[in-house]
Structure formats: C-alpha cells, structure tokens
Amino acid sequence: MSTFGLATTKWLNALTESTRSTYLPGLTKFQTYLQTQELYPEIMDSDVFLKAVSNDRKLDLLDQRFVDRDLIKGFTAFLLTLKEPKPLTPKTVRDYAGVPQSLGKFWGISISTEYAELPPGVVTNEKYPWSIEKVGQFIKGMDNLLYQCLGVCFVQSGLSNWDLLKMPYGKVREQLEAGVEPLCLKLVRHKTQRFEVVFRTCIGSLGIRFLKEHVASLGSLADDRLLFPVGNNALEGYFARQAKKFLGADFKEGFRNPCVPSSLRTGFRTLLTDADCPESFVEYWMGHNLNQDLRKTYTNKSDDSWRETYRKYEHCLTFEG
C-alpha cells in the first residue's frame, strides 16, 4: 500500500483484510487511469482526486466543474477498453467504479456514479442453488479431509471464509473435548476498525464429527494455532477444481466458480429460510447487523438457549454421510 497517498492508505487500513483485498484491484486501476487521463492532467492519484472533488464542492454552484462525474465516467470508459488478460465483466466494472465512492465516503465526500454510464448490472456469476443433498454430493466427492471439514462448517454455521480461516483451535477445544453438541461459537465480525458485530452461530453433530476427525489428523494443537492452516487462495482453488468435477459439462470456463465457499454460506441462509427459520435468527447466526433491540436481546440469550434453538433447524443443514 506504499504506492498510495496518506488519505487513501488511511482508508485502506480501516477496511477488513478481505474487503481491502477486494478493493485493491479496482483502486490500482483507478490510479492507472488517473495517471493517463487528460481531462484534468493535474490529478494523477487518488489523494489529489479527493482534494480536487472537495475543493470543487466549495465553489458556487455554477462554478463547480463536477470533477468526480467527469473522472468516474472516464474511468468507466477506461475499464471497458481493457482486454488483457480478458475483458472485465459488467459487474466487475461497476464494482471497480464504486471504489472511489467508498474512498470518498470514508472522508465524508459524496461521489456519484449516476452519470458514469455504467454497464447494466448483469449477473454473470450466479452461485449454485444448493439443496442439502447436493451439498452432500459436493463435499463427499472431495479427497481432502481439511476441505471436507471446511465445507461442512460453511453450510452448518453460515460463517465466512475469513471467520473460519482465522479461527484458532482454542475457540472449539473445550466444547469438542467435553462432547458438547451443538457447538456454540461466540464471534466478532469486524466491519471496520470502528464497527464490530458480536454474534453467535452453531455447528451441528455432522460438523463436529468432521471437526474431530480433522483435529485428530493435525496432531497436538496449541489453543492459538489456526484450526484450518490454509490460505484463502488455496481454499478457492480447491473448491474450483472440485466444482469442475461436480458440475462436469455445466462448469463454464472463464466464469467465476458458482460453487465458491461463500455459496455454501448462501446455502445456509436458503436452507434455513426454506425450513421456516425466522429471518432474524439467520441474520444473527451469519453475523449480520440487526436493529439495536434485537441485537441486545440476542446477545443476552444464553449459549444453551441458542443450542436449543439451533437443534430445531439442524436437520435442514445435515446431509447423510
């Protein structure tokens, strides 16, 4: 991040690691565009862009140049011309064009894409529509216990890649050793350095069986050791290879894998919703922000109470294995 100015770097540092990695490709391309554009030659990086937009806002209405509108429109056109290594999808173009918006929002500067002539938001990478039977086929077809265990934990807990890959063994050790079922995990989702959401979720008996087998394969574990010692790129790569086997001729090369790990998190929501689980329970288990009253009520509810609630719906998250 040393190639970015102080204002941009401060914004990046305020993001979670996963959000930062999502925004960086678009930010890098925005920097490239600013260094080559001729509309405002003096604006050559994102920090100067912010200052120019801020100063423009201070002018009388008819004196404003609307620098942000011109440059976001130009940036969109620039993105649409890129062909290597392959053309960007409409969704990616829209996502990248939104990066300067997020940067501006952090600094209290409103930046609009209304006049940017963005391509239609066509969904080109839909996630696989999981049933619990299909989840079972997908996971049982894996040849690696670590990834099988992750797959089961994704669909039984609704946790994200970040939540599971950063989880230390100590988070589950006591309950695993005591034979507690289901596991009840109290976690914190870090939206930014200034915003945290405390939530709980559970892992049922199927996930516990896989966890015990996985932990046994790792040998002696200290509480601070990662439960899943694998990187996000390796995880995504393995799921893509598995999807190619699982989908066969329906797997589309060059498109995002529809069976990405996050698709099982989405499946968690869908399976619970289909089982008539209250939406607010699902939102809480996924670490989504609830209104203040619900958040207080759910945080005060005991682990044992949440275990009892989860047991009512565990069946819909459990495949035969």
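My aim in this report is to walk through the structure given alongside it, one point at a time. (Residues numbered from 1 in each chain as written. Predicted model: local features only at pLDDT ≥ 70, side-chain atom pairs only at ≥ 80, totals over all residues. Heavy atoms only, no water.)

**Considerations on the side chain of Asp68**
Logical step 1: Mapped onto the secondary structure, Asp68 falls in helix H4 (residues 67–81).
Logical step 2: At 2.9 Å, the side chain of Asp68 and the side chain of Arg57 are in polar contact.
Logical step 3: What Asp68 contacts, discounting residues up to four positions off in sequence, is Phe49, Val53, Arg57, Ser110, Ile111 and Ser112. (Helix = DSSP H or I, 4+ residues; strand = E, 2+ residues; numbered from the N terminus. Polar contact = N/O pair within 3.5 Å; in protein donor to acceptor, adjacent residues only side chain to side chain. Contact = heavy atoms within 4.5 Å.)

**Side note on helix H6 (residues 99–106)**
Logical step 1: Val99, Pro100, Ser102, Leu103 and Gly104 are the residues of H6 that are buried.
Logical step 2: Contacts from the buried residues of H6 go to helix H1 (6–14), helix H2 (17–36), helix H3 (46–57), H4 and helix H5 (90–97). (Buried < 20%, exposed > 50% of the residue type's maximum accessible area, 1.4 Å probe, protein only.)

**Some points on the nonpolar core**
Logical step 1: Residues Leu150, Leu211, Phe228, Leu272 and Trp285 are the most contacted members of the largest nonpolar core, which totals 62 residues.
Logical step 2: By residue number, the principal contributor to this core is helix H8 (residues 145–157), which donates 8 residues.
Logical step 3: Not counting the four nearest positions on each side in its chain, Leu150 is found in contact with Leu164, Leu165, Phe228, Val230 and Leu235.
Logical step 4: Among the nonpolar cores identified, the runner-up in size contains 27 residues, and Phe4, Leu27, Ala52 and Val93 belong to it. (Core = buried A, V, L, I, M, F, W, Y, C linked by side-chain atoms within 4.5 Å.)

**Brief notes about the packing of H1 against H6**
Logical step 1: Interaxial distance between H1 and H6 falls to 10 Å at its minimum, and their mutual angle equals 90 degrees. Considering the angle they form, H1 stands roughly perpendicular to H6. Contacts from Ala7, Thr8, Lys10, Trp11 and Ala14 in H1 reach Val99, Ser102, Leu103 and Phe106 in H6.
Logical step 2: Residue composition of the contact of H1 with H6, grouped by class: 6 nonpolar, 2 polar and 1 charged. (Axes fitted to C-alpha atoms, helices over the stretch in contact; angles between N-to-C directions. Parallel < 35°, antiparallel > 145°, perpendicular 65-115°, else oblique. Nonpolar A, V, L, I, M, F, W, Y, C, P; charged D, E, K, R; others polar.)

**A word on the packing of aromatic side chains**
Logical step 1: Per the counting criterion, the structure on display carries 23 aromatic pairs.
Logical step 2: Look at Tyr284 and Trp306: their rings are 4.9 Å apart centre to centre, the planes differ by 20 degrees, and that puts the pair in the stacked class. Separated by 22 residues along the polypeptide, Tyr284 in helix H14 (residues 279–285) and Trp306 in helix H16 (residues 303–311) bring together distant segments of the chain. For the pair Tyr284 and Trp306, a shared accessibility class is recorded, and that class is buried.
Logical step 3: Ring centres of Trp285 and Tyr310 lie 5.7 Å apart, and the angle between their planes is 75 degrees; this geometry places the pair in the edge-to-face category. Linking Trp285 in helix H14 with Tyr310 in helix H16, this pair joins segments that are 25 residues apart in sequence. Residues Trp285 and Tyr310 agree in their burial class; the two are buried.
Logical step 4: The residue whose ring lies beneath Lys301 is Trp306, and the NZ or CZ to ring-centre distance is 4.8 Å. (Phe/Tyr/Trp six-rings, centres within 6.5 Å; stacked < 30°, edge-to-face > 60°. Lys NZ or Arg CZ within 6 Å of the ring centre and 35° of its normal.)

**Describing unusual backbone geometry**
Logical step 1: Omega for the bond connecting Glu181 with Pro182 falls within 30 degrees of zero, at -15 degrees, which places this linkage in the cis form.
Logical step 2: Relative to the helices and strands, Pro182 resides in the loop between helix H10 (170–178) and strand E1 (183–192).
Logical step 3: In this structure, Phe66 is a non-glycine residue whose phi angle is positive, near 55 degrees.
Logical step 4: With respect to the helices, strands and loops of the structure, Phe66 is situated in the loop between H3 and H4.
Logical step 5: By relative accessible area, which is 26% here, Phe66 ends up partly exposed.
Logical step 6: Even without glycine at this site, Glu117 takes up a positive phi of about 55 degrees.

On their own, these measurements won't tell you what the molecule is for.
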